[in-house]
Amino acid sequence: MTSLCSPAPALPASSVHALRPADIAVVSTMGIPHSHGSLLEQAEDLALSFSNQTDRDWGLVLLFVPADSVCACSQQVLTQVESAVKEVEVALEVLLKKLHHSLVHVVVWSGLSDVPSHQDRSCLCMEEKAKQRLQRAVSTRALQESLDSVLRRQRRLSEREDFAVLLHASPVVTDPLILQLWTNLLQPMAGQTEVKDNDINSISCPTDEQPFLRTQLNSPSPHQERSSTNSREARPLIDPIMGSELPCTDRSPSPTVPTSVHELQPGDIKVVAALGDSLTAGNGVGAKDPNNLLLVMNEYRGLSWSIGGDHNLTTVTTLPNILKEFNPLLTGFSTGIGNEDSPKAFLNQAVPGATSSDMTTQARVLIDKMKNDSRVDFQNDWKLITMFIGGNDLCDFCTDSVYFSANNVVGRIREALDILHREVPRALVNLAELLHIVPLRQLHQDKSINCPTWFVNIVCPCVVKPNEGSRELQSLQDMNRAYQSKMRELVDTGRYDTHDNFTVVLQPFLREVYLPLLEDGRPDRSFFSPDCFHLSEKAHRLMASGIWNNMVEPVGNKTFSQDFSAGVALQCPSKTIPFLRTAHNSNYTYQGPPPSPPPITNWGSDFSCVNTAPSETVPTSVHRLKPGDIKVVAAVGDSLTAAFGAKAKNMLQLRTENRGVAWSIGGDETLQTVTTLPNILKKFNPNIQGMSKGDGKRQTGFNLAVSGAKISGIPGQIKNLIDAMKKNSAVDFQNDWKLVTLFIGGNDLCQYCNDRATLSPKNYSSHMMASLDLLYNEVPRVMVNVLGILEIIGLRRVKRDSLGCNLLQKNVCPCFIQPGEDSMELSEIKRINRELQTETENLIHSGRYDSREDFTVVLQPFFKNSVVPVNTEGKPDNTYFSVDCFHFSARGHADMAVALWNNMLEPVGQKQTYNNFTNDRNSIKCPTEEQPYIFTNINSLPAVPTTTTTTTTTTIQTPSTSTPLNPTCSDNVPVWAAAVLAVTGLLIGWGLTWVLLSCKEKRNRRKVKMVEEREMKGTGF
């Protein structure tokens, strides 16, 4: 070919932007099909070959990106495009670092034949000629645009005088490849004509005005020219309500991938993820009809403030859309509408209704997804994970102030963060501080706004129901602040800054929330979804802006208030410290963990109850029984009631029965040093009788428990108990009120696999009935506590490197300890455990023991969903167990006593169904002036009927249901009125009860599932 261009002699170029064709001494190519090795390997080889290059020699590198390497008809075409672009990025990083006096031109090449021979045979659809051209054109354009978007932001690739990178403005698609490449190499970048054929007259030549090889600096792209001449026209239109403008001019990532989380720039984030509840799932965010409550059920995950990725920042303001301005290849965000299992949710694993107890499960699911998704390089990609939780805990705290206490809620959050800290490399975790939820009450106080307050009363009763100025409202305020404070304390311990590739940063932008108001002073409902509880897209926009601004603000000086009315303008990283701010790069000194409490010398409890007086006259009804009315305590059961080895320090002491500290019947010392049920009752009646003391059987009192006993032995224990009470001169058998506690079943369950017929659930129920019938038929004035059999599976997690644990535990409870994980035997014994609980519940709730006014049986269910107590490391706390890792220690007995007492002061149907072993000295509940009685099946109802008749002992003849109490009615009430009222009330009650209980049942099922599946707190005791 004859050249029509006359090379002009020139001095060697001093800048890559003034490079003429004659200055090029070396030309190299990368990415040609059939080339050896990956682009990264080719870049390393090229750098090595250029190492002998003189300072006067300039090199030209043509980096080809074959569009045909992308299967255009694949459903994963975008993923393949992202992969190809990332490979180019990595190769360019190597060239930038190792080459000098070099100009790199990146060329998208789509000039191969219709059906390329090197095409992966998995892309068989490309053989359909009718579709292949259109599909290839679309994929080629996607590859070109992705490369253009990335390289325009990588400004450092063209900032040096001796190195520059340029992407050709369009793919090379013509057959005369050489001519098209030559044309694209020269200035100008815009306006050149496409080569049509092999005519040499089509060859372009440098001109006096434009003599150089093209670079980004000497030949601005059409995009840059439009930006420089008319930036206002080039800027995309921004939605004034939902979109945002990012004023940051430097959006480049770090020159090399940082190795420290404290040197992380926004552009370095490759993956985003989120954990939380409905506010992160996006419930109701995109609802357009403010009166359609059904839209709140939709999870608009693509619009979620911390993880949504719908559209872009000009129309949808979310944290990922902000980050995409720094890294267009960001992944992990959710799009569209769907639940956490939908493909569009991706790494948005928030679940509507979730509480702090669900965070460990969400964390583990998230880790599995990141490990198994090809879009995430789990070991090397920097990840941003946002956790926002606690709202539903606050909504329920008034139903169980212990379980939803600030310590327990934040403790469960700590468990989830510990999992992330232990298992996820290269991660920055945003812990969004719980919002100040109390201002939301204003929406439901102004009736003119027409908010569905009835709906929010169901989903969040503890926030909406309290009256202004009430003690309940103050408790809500205090608990809200306690949640926030404990979250700060958790992060301030510094427990998540143990290595440079992980940290947790508290983002406090929601600590103080100011409700948006209309001009007339009423709350602006447009910031909320149709239920006036969840947030609309307007509010999500502000939350996204708020957390982004917190991320670039130094720790210790972050914005902690959110005024929805004022709006939030996006900030930019500091020019001097361009990193996402952490405690380390903010020079923030952690306050450290709170001071250690003094050593515990005993397992006593503090007592703060003031209403301790007995009834003015001895009550005749068990449903009017105050704690101070109880004169006698008694207990039957097995080794757990005999306190087998409770104070043992070694194997030799294990067989000692420390009955004086037995949880339900022990009476050693006082409540200040030994917590037992009788020691609590002694605060109400110091002269109570029947408690056991000391060790062994010298002062057993009415503790008739026998170590190793099964349910079949309980009738015999009760007969002995009745005889003992009758013979005791300190007991008025006919007139004294008695409290009997029955706890049995552990040995039945532990030996079930050895004798399934004898130890069947039906036989268990039969023996339980015989035992309770004896008490019903022969003992006057008695209240019986029956504890459901404990959920024993958690014992498998209790381990200790000692002879007692390794040898005795398996022999004491072989049917639970010995089966393998996921074995049929273990599945069977877990089912039998539940069946024994169900049989007990059915018997007690049958009404069989509710016919007498001076007798009742109450199920105390705190062991139904048993939780293994854990230490600060999330491992089972062995201090609660004796040396055999099976029986409880004195500490365990103390917490059992508190749990039983608190169950007694909770209404039937609202009793805590799990243990919460924390050894808090202030856990003891108190009777109230409104309800001073121990709760029974009858007085737990909204209205308790009264009677003045003298009760007499009756005998059970048949297993009939209870006879209802007959209240005295005035004679002037017509019979038809009572019937009409009864039927009407029943119908209304059915309707309302169905609505309320269906929601409550969902919450209960969620809580039960949490306890069963929880891995850090244990699947059960």
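Structural data are supplied above this passage.
The structure presented is a predicted model; accordingly, all values stated were derived computationally and were not measured.

Novice: Where do I start with the overall build of the protein in this structure?
Specialist: Across its full length, the protein carries 25 helices and 14 strands. A total of 1021 residues make up the protein; the buried ones form 55% of that total. Considering only contacts in the protein between residues 6 or more positions apart, those separated by 24 or more positions represent 75%. Approximately 45500 Å² of the protein is accessible, and the part contributed by carbon and sulfur atoms is 53%.

Novice: Is there a simple way to think about the pattern of salt bridges in this case?
Specialist: Opposite charge on two side chains makes pairing possible when the charged atoms of those side chains draw close. This model, assessed by the stated rule, comprises 26 salt bridges. Arg-852 is the salt-bridge partner of Asp-854, the closest N and O atoms lying 2.8 Å from each other. Of the two residues, Asp-854 and Arg-852, neither departs from the other in class, the shared state being buried. By sharing partners, the salt bridges in this structure join Glu-299, Arg-301 and Glu-340 into a single network.

Novice: Any chance you could explain the packing of helix 11 (residues 406-423) against helix 14 (residues 471-492) here in plain terms?
Specialist: Angle between the axes and distance between the axes are the two parameters that describe a pair of packed helices. The N-to-C vectors of helix 11 and helix 14 enclose an angle of 35 degrees; their axes lie 9 Å apart at closest approach. Helix-helix and strand crossings are classified by hand; for helix 11 and helix 14 the assignment is right-handed. The segment helix 11 lies against helix 14, with Ala-406, Asn-407, Val-409, Val-410, Ile-413, Arg-414 and Leu-417 engaging Met-479, Ala-482, Tyr-483, Lys-486, Met-487 and Leu-490. Class assignment of the residues belonging to the contact of helix 11 with helix 14 gives a composition of 10 nonpolar, 1 polar and 2 charged.

Novice: Is there a simple way to think about the state of the cysteines in this case?
Specialist: Defined simply, a disulfide is a covalent bond joining two cysteines at their sulfur atoms. On inspection of all chains with the given rule, the structure shows 7 disulfides. Between Cys-398 and Cys-462 runs a disulfide, and the two sulfur atoms are separated by 1.9 Å. Disulfide Cys-398-Cys-462: the torsion about the S-S bond is -80 degrees, which places it as left-handed. In this pair, Cys-398 is assigned in the loop between helix 10 (391-396) and helix 11 and Cys-462 in helix 13 (residues 461-464), connecting sequence segments 64 residues apart.

Novice: Quick question: what am I supposed to make of the side chain of Asp-638 here?
Specialist: Relative to the helices and strands, Asp-638 is located in the loop between strand 11 (630-637) and helix 16 (639-642). This buried residue, Asp-638, is left without a salt bridge; Lys-710 holds the nearest opposite charge, at 9.7 Å. When neighbours within four sequence positions are excluded, Asp-638 is seen to be in contact with Ala-705, Val-706, Ser-707, Ala-709, Phe-743, Ile-744, Gly-745, Gly-746 and Asn-747.

Novice: Looking at this model, I keep getting lost on the sheet that holds strand 12 (residues 737-743). Mind explaining?
Specialist: Pairing within the open sheet is parallel, and its 4 strands lie in the order 11-12-13-14. A single partner strand is all that each edge strand has here, and the edge strands are strand 11 and strand 14 (855-860). For this sheet, the mean inter-axis angle between neighbouring strands, taken without regard to orientation, is 20 degrees. In this sheet, strand 12 lies alongside strand 11 in parallel orientation, the contact comprising 7 bridges. Bridging from a neighbouring strand, Val-636 pairs with Leu-742 of strand 12.

Novice: Got a minute to help me understand the nonpolar core in this structure?
Specialist: Here is a general trend for soluble globular proteins: nonpolar side chains tend to be buried in one another's company. Counting residues in each nonpolar core, the largest one holds 99 residues, and the members touching the most others are Ile-385, Met-387, Ile-413, Leu-417, Leu-420, Tyr-483 and Trp-548. Of all the elements, helix 11 adds the most residues to this core, at 8 residues. In contact with Met-387, other than residues within four places in its own chain, are Leu-275, Met-359, Ile-413, Ala-416, Leu-417, Asn-430, Leu-431 and Ala-432. Core analysis: the second largest hydrophobic core is formed by 97 residues, Ala-634, Ala-643, Leu-759 and Leu-836 among them.

Novice: When you look at the sheet that holds strand 4 (residues 163-167) in this model, what are you seeing that I'm missing?
Specialist: Strand pairing in a sheet relies on backbone hydrogen bonds, with the paired strands running either antiparallel or parallel. Taken in spatial order, the 4 strands line up as 1-2-3-4 in an open sheet, and their pairing is parallel. Strands at the two margins of the open sheet, each flanked by one partner only, are strand 1 (24-30) and strand 4. Taking the axes of each pair of neighbouring strands and ignoring which way they run, one obtains an average angle of 20 degrees across the sheet. Two elements, strand 2 (residues 58-66) and strand 3 (residues 102-109), share 8 bridges in a ladder whose sense is parallel. Within strand 3, the residue paired with Leu-60 across the bridge is Leu-103. Along the sheet face, helix 1 (residues 39-49) touches strand 1 and strand 2 and points at about 160 degrees away from the line of strand 1.

Novice: Is there a simple way to explain helix 9 (residues 359-372) in this structure?
Specialist: It helps to recall that an α-helix has 3.6 residues per turn; residues three or four apart then point in one direction. The first and last C-alpha atoms of helix 9 sit 20 Å apart over 14 residues, in line with the 20 Å expected at 1.5 Å per residue. Every buried residue belonging to helix 9 is among Met-359, Thr-360, Gln-362, Ala-363, Leu-366, Ile-367 and Met-370, and all of these are buried. Down the axis of helix 9, the sector holding all buried residues measures 160 degrees, keeping them to one side. Summarising the contacts, the buried residues of helix 9 are in contact with strand 5 (269-276), strand 6 (382-388) and helix 11.

Novice: Help me understand unusual backbone geometry in this model?
Specialist: Peptide bonds are, in most cases, trans, and in most cases residues other than glycine have a negative phi. The backbone of Phe-346 sits at a positive phi, close to 50 degrees, despite the residue not being glycine. Residue placement: Phe-346 occurs in the loop between helix 8 (319-324) and helix 9. When its relative accessible area of 9% is taken as the criterion, Phe-346 is described as buried. We note that Cys-532 has phi near 55 degrees; this positive angle belongs to a residue other than glycine. Tracing the backbone shows Cys-532 in the loop between strand 9 (512-514) and helix 15 (537-551).

Novice: Please explain the packing of aromatic side chains as it appears in this structure.
Specialist: Aromatic ring pairs are reported here in terms of the distance separating the ring centres and the angle at which the planes meet. Taken as a whole and assessed by the stated rule, the structure comprises 17 aromatic pairs. Considering the side-chain rings of Trp-454 and Phe-455, the 5.8 Å spacing of their centres and the 85 degrees angle between planes classify their relative orientation as edge-to-face. Trp-454 sits in the exposed class, given a relative accessible area of 54%. Here the aromatic rings of Trp-663 and Phe-743 are separated by 5.5 Å at their centres, their planes lie at 90 degrees, and the arrangement is edge-to-face. A residue pair is termed long-range when its members are at least 10 positions apart, and Trp-663 in the loop between helix 16 and helix 17 (677-681) and Phe-743 in strand 12 qualify at 80 residues. Accessibility classification places Trp-663 together with Phe-743 in one group, the buried group. These aromatic residues form a ring-pair network of at least three members: Trp-663, Phe-743, Phe-862, Phe-863, Phe-881 and Phe-888. Cation over ring: Lys-538 sits above Phe-527, and NZ or CZ is 4.3 Å from the ring centre.

Cut-offs and rules
- Residues numbered from 1 in each chain as written.
- Predicted model: local features only at pLDDT ≥ 70, side-chain atom pairs only at ≥ 80, totals over all residues.
- Heavy atoms only, no water.
- Helix = DSSP H or I, 4+ residues; strand = E, 2+ residues; numbered from the N terminus.
- Buried < 20%, exposed > 50% of the residue type's maximum accessible area, 1.4 Å probe, protein only.
- Contact = heavy atoms within 4.5 Å.
- Areas by Shrake-Rupley, 256 points an atom, 1.4 Å probe, with all protein chains shown as cover.
- Salt bridge = Lys/Arg side-chain N within 4 Å of Asp/Glu carboxyl O.
- Axes fitted to C-alpha atoms, helices over the stretch in contact; angles between N-to-C directions.
- Left-handed = near helix turned anticlockwise from the far one by under 90°.
- Nonpolar A, V, L, I, M, F, W, Y, C, P; charged D, E, K, R; others polar.
- Disulfide = S-S within 2.5 Å.
- Lys, Arg positive; Asp, Glu negative; His and termini not counted.
- Pairing = 2+ DSSP bridges.
- Core = buried A, V, L, I, M, F, W, Y, C linked by side-chain atoms within 4.5 Å.
- Expected span 1.5 Å × (residues − 1).
- Arc of directions from axis to C-beta.
- Phe/Tyr/Trp six-rings, centres within 6.5 Å; stacked < 30°, edge-to-face > 60°.
- Lys NZ or Arg CZ within 6 Å of the ring centre and 35° of its normal.

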